[in-house]
Protein chains: 2
Amino acid sequence: MPDNEKSARAKTTDLSAQIAKSIRDAILSGDLSADERLPSEAELAEQFSVSRPTVREALKRLAAQSLIRTERGAFGGAFVRRLSYKEAQAQNVTASTLLLTINDIRFDVACEARFAMERACIALAAQRRDATHLAAMRAEIDRQKDPTLTDEDFCASDVALHRALVDGAGNPVLSYHLAGSVEAMQPLMNMITFSTRSRSRIVALHTALTDALEAADAMAAESALDALQSYTLELGRDALAKRAAAGR
Amino acid sequence: MPDNEKSARAKTTDLSAQIAKSIRDAILSGDLSADERLPSEAELAEQFSVSRPTVREALKRLAAQSLIRTERGAFGGAFVRRLSYKEAQAQNVTASTLLLTINDIRFDVACEARFAMERACIALAAQRRDATHLAAMRAEIDRQKDPTLTDEDFCASDVALHRALVDGAGNPVLSYHLAGSVEAMQPLMNMITFSTRSRSRIVALHTALTDALEAADAMAAESALDALQSYTLELGRDALAKRAAAGR
DNA sequence: GACATTTAAATGCCAGACAATTAAGTGACA
DNA sequence: TGTCACTTAATTGTCTGGCATTTAAATGTC
């Protein structure tokens, strides 16, 4: 009697997966709202006619998706989690990174996607960026001038600059989506070794970009971004060629 | 002795979370590669000095993130999962939708983000779209002309058209990122009731957009998109006003 | 009234067992 | 020799029952 509408060929999914889905749907549909407490594990076990370990597996699944949080002690339990932008961005970043690394995406494809999306917010950033964003960008540029910086740190600073740019658009949804795109590039960028010459070239382009934003000159900012894209692609090609020459 | 480097105030995370993290890191770092089999639950339990239920909770966490899949039977077990674009997109969509609904984002903010990102791939789509994409877009336009379509179906068709546009850019990474942005708008769009007049207006704009892409005219496509954005915003404002007038 | 103590309700974790599933091995029979 | 049924072993899925730990509230004590 428990399996009513799965007559077709439901592949007999795990009970814990079914229960997780059931609760997830309740959250998504709004039947359970943020910070609301779920029944205790024992109660859920009874409701779904399964054992407590099975319920626990289901709850862990939901916890892994940041849909719930659990607290111990009396009056503890599982609570529907209010997903913050920050956490959502972090998750987006890991998911995007995973996709890019596990499917070994070509550098130029990822690069094209990233710059295309960044171009999407340049006009808005030119209008709306405030002193904080500009200062953050300039601070990163200063860091990038430090010749003792490792390539990895240089890369990280590059990412930070671009994230400041994205935030300058003043649209949190846009920031959320772009964070994944920008950060996920970092592992790929880390293939590149930055010479002194290429670093100063990048710093110059970053400066031009920041100046353009400060001047609210969207056109200039866009061409700086274009130049940055072609140069990044060039560096990527070189790195790839060097790798190939070195015998994989 | 088990808590060495968590001296600070590690909030004593769950064992299952720690184990999940440990395995996740191994996957992310490439120590475990796609389709590789993890040790059995019993072996993992021994390795980590925990019980099997605890290991299982950890594995369910990973399964919830699509990092592993499990098979039953002899020579079954947990396998590192090769994340496909399709699945990744689906996850991205649910995550984005959740973020937008749970934090009740303002319509105009989400709308701005979506159109900004879509504008990012218009130039590429104008260059690279092939007959398939154009046909898909025209098919959706035809559907949208059907007056018996419910508002929800009209909305779904709108989303389908835009996804075809995005795919026309021929960059899977871009498609991945934009899928979340475009689809997550659907619940918000469903607030809107489409009059006959607004439907025909939208169809006209969609047609102009598709024509421009077919003619590889990026400029024209961009202005069609701009017009679509302002009209969508207008409809959103109306819907919101009507709601407010109806007493919430 | 403030502080210490107890208590109850949860989650966290474990041990051991049995059921279900699946691929590989084994053997009988044509 | 080849094929089909059967057995076997490994592994995940699930259950039962229990103990440890944590936490807030209730209770008691000074």
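Residues numbered from 1 in each chain as written. Chains lettered and ligands numbered in written order. Predicted model: local features only at pLDDT ≥ 70, side-chain atom pairs only at ≥ 80, totals over all residues. Heavy atoms only, no water.

Turning to the overall build of chain A, a few remarks are in order. Across its full length, chain A carries 11 helices and 2 strands. Computed over the C-alpha atoms, the radius of gyration of chain A is 24 Å, more than 25% above the 18 Å expected from 2.2 N^0.38 for a compact globule of 248 residues. In terms of principal-axis extent, the alpha carbons of chain A reach across some 70 × 50 × 35 Å. Counting all 248 residues of chain A, 48% fall into the buried class. Residue pairs in contact within chain A that sit at least 24 positions apart in sequence constitute 73% of those at least 6 positions apart. Carbon and sulfur atoms provide 53% of the accessible area of chain A, an area that totals close to 12300 Å². Counting 31 positive and 34 negative side-chain charges, chain A places the averaged centre of each group 4 Å from the other. (Helix = DSSP H or I, 4+ residues; strand = E, 2+ residues; numbered from the N terminus. Rg over C-alpha atoms; globule rule 2.2 N^0.38 Å. Buried < 20%, exposed > 50% of the residue type's maximum accessible area, 1.4 Å probe, protein only. Contact = heavy atoms within 4.5 Å. Areas by Shrake-Rupley, 256 points an atom, 1.4 Å probe, with all protein chains shown as cover. Lys, Arg positive; Asp, Glu negative; His and termini not counted. Charge placed at Lys NZ, Arg CZ, Asp CG, Glu CD.)

Right, let's get into the protein's contact with DNA strand C. Looking at DNA strand C, there are 22 residues lining it, with Arg 56 of chain A together with Leu 15, Thr 54, Gly 73 and Ala 74 of chain B nearest. For DNA strand C, the fraction of protein-proximal atoms (within 4 Å) that sit in sugar or phosphate groups is 70%. In this structure, Arg 56 of chain A approaches DNA strand C through a side-chain N or O atom, which is 2.8 Å from a phosphate oxygen. Between DNA strand C and the protein, one listed contact pairs a sugar or linking oxygen with a backbone N or O atom of Gly 73 of chain A at 3.4 Å. Secondary-structure elements contributing two or more residues to the surface near DNA strand C are helix H3 (52–64) and strand E1 (68–71) of chain A together with helix H3 (52–64) of chain B. It is H3 of chain A that contributes the most residues to the surface near DNA strand C, 3 residues altogether. Considered class by class, the residues forming the surface near DNA strand C number 4 nonpolar, 8 polar and 10 charged. (Near = heavy atom within 4 Å. Polar contact = N/O pair within 3.5 Å; in protein donor to acceptor, adjacent residues only side chain to side chain. Nonpolar A, V, L, I, M, F, W, Y, C, P; charged D, E, K, R; others polar.)

This next bit is on the relation of the copies chain A and chain B. Superposing chain A onto chain B takes a rotation of 180° combined with a translation of 0.1 Å along the rotation axis, leaving an RMSD of 0.1 Å. Considering both components of the superposition, the chain copies are consistent with a two-fold axis. With an isologous cut-off of 70% or more, the 100% of interface residues of chain A that recur at the interface of chain B puts this contact in the isologous class. (Least-squares fit on C-alpha atoms with pLDDT ≥ 70 in both.)

Bringing the nonpolar core into the picture now. In this structure, Leu 174, Phe 194 and Leu 213 of chain A together with Leu 174, Phe 194 and Leu 213 of chain B are the most contacted members of the largest nonpolar core, which totals 99 residues. The residues contacting Leu 213 of chain A, other than those within four sequence positions of it, are Ile 122, Ala 125, Ala 126, Arg 129, Leu 134, Met 137, Leu 165 and Ala 221 of chain A. Ranked by size, the runner-up nonpolar core spans 24 residues in total, among them Leu 98 and Leu 99 of chain A together with Ile 23 and Ala 78 of chain B. (Core = buried A, V, L, I, M, F, W, Y, C linked by side-chain atoms within 4.5 Å.)

With that settled, the discussion passes to the packing of helix H7 (residues 151–168) of chain A against helix H10 (residues 196–214) of chain A. All names here are of chain A. The N-to-C vectors of H7 and H10 enclose an angle of 15°; their axes lie 12 Å apart at closest approach. Overall, the two elements H7 and H10 adopt an arrangement that is roughly parallel. As for how H7 packs across H10, the hand of that crossing is left-handed. On H10, the residues touching Asp 151, Phe 154, Asp 158, Leu 161, His 162 and Leu 165 of H7 are Arg 199, Ile 202, His 206, Leu 209 and Leu 213. Of the residues that constitute the contact of H7 with H10, the class distribution is 6 nonpolar, 2 polar and 3 charged. (Axes fitted to C-alpha atoms, helices over the stretch in contact; angles between N-to-C directions. Parallel < 35°, antiparallel > 145°, perpendicular 65-115°, else oblique. Left-handed = near helix turned anticlockwise from the far one by under 90°.)

This brings us to the packing of aromatic side chains. All names here are of chain A. According to the stated counting rule, one finds 2 aromatic pairs over all chains in the structure shown. Geometrically, the ring pair formed by Phe 154 and Phe 194 is tilted, given 4.9 Å between the ring centres and 50° between the ring planes. Placement of Phe 154 in helix H7 and of Phe 194 in the loop between helix H9 (186–189) and H10 is noted, with a sequence separation of 40 residues between them. (Phe/Tyr/Trp six-rings, centres within 6.5 Å; stacked < 30°, edge-to-face > 60°.)

Structurally, chain A comprises domain 1 (15–80) and domain 2 (85–245). Of note, the centres of domain 1 of chain A and domain 2 of chain A, computed from C-alpha atoms alone, are 39 Å apart. (Domains from an automatic or database assignment.)

Looking now at the pairing of strand E1 (residues 68–71) of chain B. Residue and element names in this part refer to chain B. Strand direction decides the pairing type here: E1 and strand E2 (residues 77–80), joined by 4 bridges, are antiparallel. Looking across to E2, one finds that Arg 69 is bridged to Phe 79. With antiparallel pairing between neighbouring strands as the criterion, E1 and E2 make up a hairpin whose turn holds 5 residues, including Gly 73 at a positive phi of roughly 90°. (Pairing = 2+ DSSP bridges.)

In this section: the interface of chain A and chain B. Facing 42 residues of chain A, the contacting portion of chain B comprises 42 residues. Carbon and sulfur atoms make up 65% of the area that chain A and chain B hide from each other, which totals about 3900 Å². There are 10 residue pairs in polar contact (both at pLDDT 80 or more) connecting chain A and chain B. Put simply, the parts of the chain that give the side of chain A that touches chain B at least two residues each are helix H1 (15–28), H3, helix H4 (85–102), helix H5 (107–128) and helix H8 (172–183) of chain A. Partitioning the side of chain A that touches chain B into residue classes produces 24 nonpolar, 10 polar and 8 charged. (Buried area = accessible area lost by both parts, 1.4 Å probe.)

As a further point, take the side chain of His 133 of chain B. All names here are of chain B. Note on placement: His 133 falls in helix H6 (residues 131–145). The class of His 133 is buried, set by a relative accessible area of 18%. Of note is the side chain of His 133, whose polar atom sits 3.1 Å from the backbone nitrogen of Asp 130. The residues contacting His 133, other than those within four sequence positions of it, are Ala 164, Asp 167 and Gly 168.

Another point: the environment of Met 137 of chain A. Residue and element names in this part refer to chain A. Turning to its location among the elements, Met 137 is positioned in helix H6 (residues 131–145). Along the backbone, Met 137 and Val 166 are 29 residues apart, and their C-alpha atoms lie at a distance of 11 Å. Setting aside anything within four residues of it in sequence, one finds Met 137 in contact with Leu 161, Ala 164, Leu 165, Thr 210 and Leu 213.

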